[in-house]
Amino acid sequence: MADQVLIVDDDPAICKLLEKVMRSNDMDSQAVGSGEQALQALETRTFDIILLDVNLGDMEGFEVLRRLRERGIKLFLSTGRHLAMLDPVRQVFDFDGYV
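Parameters at a glance
- Residues numbered from 1 in each chain as written.
- Predicted model: local features only at pLDDT ≥ 70, side-chain atom pairs only at ≥ 80, totals over all residues.
- Heavy atoms only, no water.
- Helix = DSSP H or I, 4+ residues; strand = E, 2+ residues; numbered from the N terminus.
- Buried < 20%, exposed > 50% of the residue type's maximum accessible area, 1.4 Å probe, protein only.
- Contact = heavy atoms within 4.5 Å.
- Areas by Shrake-Rupley, 256 points an atom, 1.4 Å probe, with all protein chains shown as cover.
- Polar contact = N/O pair within 3.5 Å; in protein donor to acceptor, adjacent residues only side chain to side chain.
- Core = buried A, V, L, I, M, F, W, Y, C linked by side-chain atoms within 4.5 Å.
- Pairing = 2+ DSSP bridges.
- Right-handed = clockwise from strand over helix to strand, strands pointing away.

Undergrad: Would you mind going over the overall build of the chain in detail, with residue names and values included?
TA: Tallying secondary structure elements over the chain gives four helices and five strands in all. Going from the N terminus to the C terminus, the chain shows its helices and strands as β-α-β-α-β-α-β-α-β. When burial is assessed residue by residue, the chain has 39% of its 99 residues classed as buried. For the chain, restricting intrachain contacts to residue pairs at least 6 apart in sequence, the fraction spanning at least 24 positions comes to 54%. Entry remark: accessible area of the chain is about 5,700 Å², with carbon and sulfur atoms responsible for 52%.

Undergrad: Provide a residue-level description of the environment of Gln4, including the pertinent values.
TA: Its place among the elements puts Gln4 in strand β1 (residues 4–8). In this structure, the C-alpha to C-alpha distance between Gln4 and Ile50, residues 46 residues apart in sequence, is 8.7 Å. Not counting residues up to four positions away in its chain, the partners in contact with Gln4 are Asp28, Arg45, Thr46, Phe47, Asp48 and Ile49. At a separation of 2.6 Å, a polar atom in the side chain of Gln4 contacts the side chain of Arg45.

Undergrad: Hey, could you go over the side chain of Ser34 for me, with residue numbers and the actual values?
TA: Here Ser34 is to be found in the loop between β2 (28–32) and α2 (35–44). Residue class for Ser34 comes out buried when judged on its relative accessible area of 13%. Separated by 3.0 Å, the side chain of Ser34 and the backbone nitrogen of Gln37 make a polar contact.

Undergrad: How would you summarise the nonpolar core if you had to cite specific residues and measurements?
TA: Counting 17 residues, the largest nonpolar core has Leu6, Val8, Leu42, Ile50, Leu52 and Leu68 as its most contacted members. Of all elements in the fold, only β1, α2, β3 (49–53) and α3 (61–68) reach the threshold of two or more residues within this core. Membership of the second largest hydrophobic core comes to six residues, among which are Cys15, Leu18, Met22 and Leu51.

Undergrad: I'd like to hear about the pairing of β2, residue by residue, with values.
TA: Looking at chain direction, β1 and β2 are connected through five bridges and run parallel. Looking at β2, one finds that Leu6 is bridged to Gln30. Considered for its hand, the β-α-β crossover made up of β1, helix α1 (residues 12–24) and β2 is right-handed.

Undergrad: How would you summarise the environment of Asp3 if you had to cite specific residues and measurements?
TA: Residue position: Asp3 is located in the segment before β1. Take Asp3: its relative accessible area is 41%, and that puts it in the partly exposed class. Residues Asp3 and Asp26, spaced 23 residues apart in sequence, show a C-alpha to C-alpha distance of 7.8 Å. Setting aside residues up to four positions removed in sequence, Asp3 forms contacts with Met27, Asp28 and Asp48.

Here you go:
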């Protein structure tokens, strides 16, 4: 069975690009455009990994991260922020990496 990936980003172009990358690597993906949609998707489907934008329109990605981390799913944050800014955040929030 292919890895299941949840893409959470409020930019449709980013979602489309990441879905294409997942397909080209034989992964199944579902893209959603908000934190609330991500939480809803997790009620009906199991994912191996979540690619999470930290600048979502409806709630900060960090709030989604806080709600999801206890589920044991690996979380990688995607952000346009300078990556060095995330190092202190990583000490507070437990996530696996960022791009």
